[in-house]
Amino acid sequence: MYELGAGLAALSMAAGCSSNGDGSGGKPNGIEGQPVDRIFARVDKALDAASVHTVQRVGGRRVSDVHALHGGDNCTGRLTDDQGFAWHFTTLGGRIWITPQRRSAKLADRTGAPVEPGRYLPVETNSPGFAGTLAQRTSAACHVRFSVVKQQHFMVTKGAETRVNGRPVLAMKVEQGGVESIAYLATTGEPVPLRVVGRDGKHRFITTWEDYGVSPRIAKPPKPEILPPLS
């Protein structure tokens, strides 16, 4: 459930929830009486608004997370692994650039040399090795879509109405094999997700969203700092 949770467990990596501009105030939106497919289609549309989300995955004492600021299909943010290494990413017009927070042999350029901080490596989801892994995680984090759970044949069950930070929400349980999560969707205003909590095997994950409606300016990295592509 990586595409669902660092996109839902892709809501699978993700913590806390702010009510700033989350669109959950206002009149009831009626999702509690709608079929799951319709609910998730409305949630995906609501997610197209600019927002910040953080996915945190915890396994034992190790924590990894992704923090993303996105507007439509453009996105920027930071990936951190369970060993403390971090990579900054920018996606713009379907292209992805990655730069490390500190020098590491994990991410190498086309010559095999480690990518230096401040130099941006163009990557794709099918790039070889660790570069491809980072691109996949970035893509999942920047294109969260709840409808993927139906496409991947997860079992989805509508739960009880409750509250998250005082806001009315509908709980939706999603499960398949060893992956299970509960998504809390606003039942007033736009049906935006406020929080997802769950477990993927031995790992727990929490995904939260905040600052809906912001208008981020996401720019391509400076041309002199962009490295040649891997292929």
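Provided above is the structure to which this section pertains.
Residues numbered from 1 in each chain as written. Predicted model: local features only at pLDDT ≥ 70, side-chain atom pairs only at ≥ 80, totals over all residues. Heavy atoms only, no water.

Chemist: Would you take a moment to explain the pairing of strand E4 (residues 86-92) for this structure?
Modeler: As a general feature of sheets, a regular strand has side chains that alternate between the two faces. Counting buried positions along E4 gives five out of seven residues, so the element sits mostly inside the fold. Where strand E3 (residues 74-80) lies against E4, six bridges are found, and the strand directions are antiparallel. Paired with Gly-77 across the strands is Phe-89, a residue of E4. Following E3, the chain reverses through five residues before pairing antiparallel with E4; Gly-84 in that reversal takes a positive phi of roughly 90°. Linking two consecutive strands that pair antiparallel, namely E4 and strand E5 (residues 95-100), is a turn of two residues; a positive phi of about 60° is found at Gly-93 within it. (Buried < 20%, exposed > 50% of the residue type's maximum accessible area, 1.4 Å probe, protein only. Helix = DSSP H or I, 4+ residues; strand = E, 2+ residues; numbered from the N terminus. Pairing = 2+ DSSP bridges.)

Chemist: What should I look at first to understand helix H2 (residues 36-47) in this one?
Modeler: Side chains three or four residues apart in an α-helix point the same way, a direct result of the helix having 3.6 residues per turn. Relative to the 16 Å expected for 12 residues at 1.5 Å per residue, H2 spans 16 Å between its end C-alpha atoms, a close match to the ideal helical length. Restricting attention to buried positions, one finds in H2 the residues Val-36, Ile-39, Phe-40, Arg-42, Val-43, Asp-44, Ala-46 and Leu-47. (Expected span 1.5 Å × (residues − 1).)

Chemist: For this particular structure, what's the right way to read the state of the cysteines?
Modeler: What makes a disulfide is a covalent bond joining the sulfur atoms belonging to two cysteines. Evaluation of the coordinates by the stated rule reveals one disulfide. Covalently, Cys-75 is tied to Cys-142 through a disulfide, its sulfur atoms 2.2 Å apart. As the torsion about the S-S bond is roughly -70°, the Cys-75-Cys-142 disulfide counts as left-handed. Placement of the pair is Cys-75 in strand E3 and Cys-142 in helix H3 (residues 129-142), with a sequence separation of 67 residues. For Cys-142, a relative accessible area of 4% corresponds to the buried category. (Disulfide = S-S within 2.5 Å.)

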